[in-house]
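Working through the structure, step by step
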Amino acid sequence: MRTIVAKFGGTSLADAAHFRKVREIIQADPDRRFIVASAPGKRCPEDVKVTDLLLECYEKAATGEDFEVGLSAVGVRFGEIIEDLGLDFPLADEIQTLRAHLSDAPRLGYVLSRGEYLNSRLLAAYLGYTFVDPEWCVCFDEAGHLDGPMTRRTLGAALRPLQNAVIAGFYGADMAGNVHTMTRGGSDVTGSLVAAAIHASLYENWTDVSGLLAADPHIVPNPKTVKYVSYRELRTLSYMGASVLHTDAVLPVSDLDIPINIRNTDRPQDAGTTIVRKLPRGETKYPIVGVAGRKGMSVIQVEKVMVSDESGFTAIMLDILKNRQLPFEQCLTGIDTVTLVIRSDLLAPCKDELFNEIRQKLNPDYLGLTEKLSMIAVIGERDTESSDANVQVLQALAREGVPINTANQGAGKLNLLVGVPEDRYEDAIRIIYAAI
Ligand code: ASP
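So, a few notes on the structure that sits alongside this text. Since the model is a prediction, treat every value here as computed from it, not as a measurement. (Residues numbered from 1 in each chain as written. Predicted model: local features only at pLDDT ≥ 70, side-chain atom pairs only at ≥ 80, totals over all residues. Heavy atoms only, no water.)

So, the sheet that holds strand S14 (residues 366–379)
Hydrogen bonding along the main chain pairs the strands of a sheet, whether they run parallel or antiparallel. If you walk across this open sheet you meet the 6 strands as S12-S13-S11-S14-S16-S15, and the pairing is antiparallel. Edge strands, defined here as strands with exactly one partner in the open sheet, are strand S12 (330–334) and strand S15 (406–408). Geometrically, the sheet is characterised by an average inter-axis angle of 30° between neighbouring strands, direction not taken into account. Sheet analysis places strand S11 (residues 290–303) next to S14, joined by 11 bridges and oriented antiparallel. Its bridge partner being in S14, arginine 294 is matched across the sheet by methionine 375. Sheet contacts for helix H8 (residues 231–239): S11, S14 and strand S16 (415–421); angle to S14, the most-contacted strand, approximately 125°. Contacting S14, S15 and S16, helix H13 (residues 388–399) runs over the sheet at an angle of about 10° to S16. (Pairing = 2+ DSSP bridges. Helix = DSSP H or I, 4+ residues; strand = E, 2+ residues; numbered from the N terminus. Axes fitted to C-alpha atoms, helices over the stretch in contact; angles between N-to-C directions. Contact = heavy atoms within 4.5 Å.)

Structure follows, in structure tokens:
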């Protein structure tokens, strides 16, 4: 029997109209048995997420201020859903319990978790499914870190006997019963943990977009939706800021080869993007799945004659960065040169000191800095035959007169990373998209 875990994000459960759409989606496929729900999100751009209202309540309560305005806004959001769907739900009692908690030594994890807790109870009631409180089966240690292996066992034991259930996303508890939340957007992680715990056939992640786009739509008009992306490609896309999924949501399912399908609740007819280890049979592997990038990069260039014959030069350079806890994005070594790509905002506070130290310890022939660069990743796992896609990209940039400051393609051929001036970033993205 196939089992699908379907996670619905905040915009997918923001109001009663969306609850109806969600129920239709769930009822359209009996394999959708385990549902993970977020707290109500924004209904329009100016709206406030319930989690943010709860955060405001906590902050006010913790400093002894009046939190009633925020709390009543939370009550109104849930009240509207309950009334519109005609549910029988003790909302006043739940709000009173939260009020009592806020008035007496409030705990951040508990307060923030109430959005998911209440929304999941409502969804369970609306679907006629069992409600599963992650307080009992998503396990944290006392320091507030998620215990993955224990969670998998406990969640598995809790869910296996059930025909179907709604599990609240975003939180769990430690052995002492203290509620802890994940980082924001953490219901994606809960969905992934549930899918892993029950060895689901598929993890559907329902949101407000029809999957990952091959380029930023603010730069490229109507970019294509990526049909398949590998877990590794997704990691680069999200690192470059093109994320629709919490980064911690990949590992629990990728270990077990469970595909993740990103879908749009408002357009269930769209196939969305599927994140897989290997493409299904018969699907063509495109050498490039997308292009994404970041501005605000600097490049440090260190040159010293015969450096390629000297062992330890690069190691000293990297040690200098490590001791300053200054992370670098890329390190390219060539004959007589070492090039480092570093985020400008991290470099700025220590630039002069860093340059002095490099001069002192490495005595370079030349030490240069280029600022206002952007890094563009041309993403796609390529095999040897298709690696000429990279050549096409570089040729297209050169043809259009975009200066290429750095170009980096590791032996793994996962990505091509190109450094171009910030003021040509948008041009470069459009040129690359057209070329691929
Ligand atoms: N409600 C939480 C947030 O707004 C968690 C989630 O939606 O996944 O971040």
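Re the sheet that holds strand S4 (residues 165–168)
An order of S3-S4-S2-S1-S7-S9-S10-S8 is seen for the 8 strands of this open sheet, with the pairing classed as mixed. Here the strands that pair on one side only, and so sit at the sheet edges, are strand S3 (130–132) and strand S8 (228–230). For this sheet, the mean inter-axis angle between neighbouring strands, taken without regard to orientation, is 25°. Looking at chain direction, strand S2 (residues 32–37) and S4 are connected through 4 bridges and run parallel. If you follow phenylalanine 34 over to S4, its bridge partner there is alanine 165. Contacts from H8 reach S8 and strand S10 (273–276) within the one sheet, and its direction differs from that of S8 by about 90°.

Points about the side chain of arginine 33
Note that arginine 33 resides in strand S2. For the buried residue arginine 33, which engages in no salt bridge, the nearest side chain bearing the opposite charge is aspartate 31, 7.2 Å off. Polar side-chain contacts of arginine 33 include one of 3.2 Å to the backbone oxygen of leucine 162. Looking at arginine 33, its side chain comes within polar contact range of the main-chain oxygen of glutamine 163, at 2.7 Å. Those residues within four positions of arginine 33 in sequence are excluded, and the remaining contacts are Met1, Thr3, Ile4, Tyr129, Leu162, Gln163, Asn164 and Ala165. (Buried < 20%, exposed > 50% of the residue type's maximum accessible area, 1.4 Å probe, protein only. Lys, Arg positive; Asp, Glu negative; His and termini not counted. Salt bridge = Lys/Arg side-chain N within 4 Å of Asp/Glu carboxyl O. Polar contact = N/O pair within 3.5 Å; in protein donor to acceptor, adjacent residues only side chain to side chain.)

Looking at the pairing of strand S1 (residues 4–8)
Taking burial as the measure, the 5 residues of S1 include 5 buried ones, the bulk of the element. Pairing between S1 and strand S7 (residues 202–207): 5 bridges, direction parallel. Counted as the bridge partner of phenylalanine 8 is tryptophan 206 from S7. Relative to S2, S1 runs parallel, the two sharing 5 bridges. Bridge pairing links phenylalanine 8 to alanine 37 in S2. In this fold, S1 hands off to helix H1 (residues 16–27), which returns the chain to S2; that crossover is right-handed. (Right-handed = clockwise from strand over helix to strand, strands pointing away.)

Some points on helix H3 (residues 68–85)
Relative to the 26 Å expected for 18 residues at 1.5 Å per residue, H3 spans 26 Å between its end C-alpha atoms, a close match to the ideal helical length. When we look at burial in H3, the residues that qualify are Gly70, Leu71, Val74, Gly75, Arg77, Phe78, Ile81, Ile82 and Leu85. Projected down its long axis, H3 shows its buried positions confined to an angular sector of 155°, all on one face. For H3, exposure combined with an orientation more than 90 degrees from the buried face picks out Val69 and Glu83. Of the surrounding secondary structure, the elements contacted by the buried residues of H3 are H1, helix H2 (50–62), helix H4 (91–103) and helix H5 (108–127). (Expected span 1.5 Å × (residues − 1). Arc of directions from axis to C-beta.)

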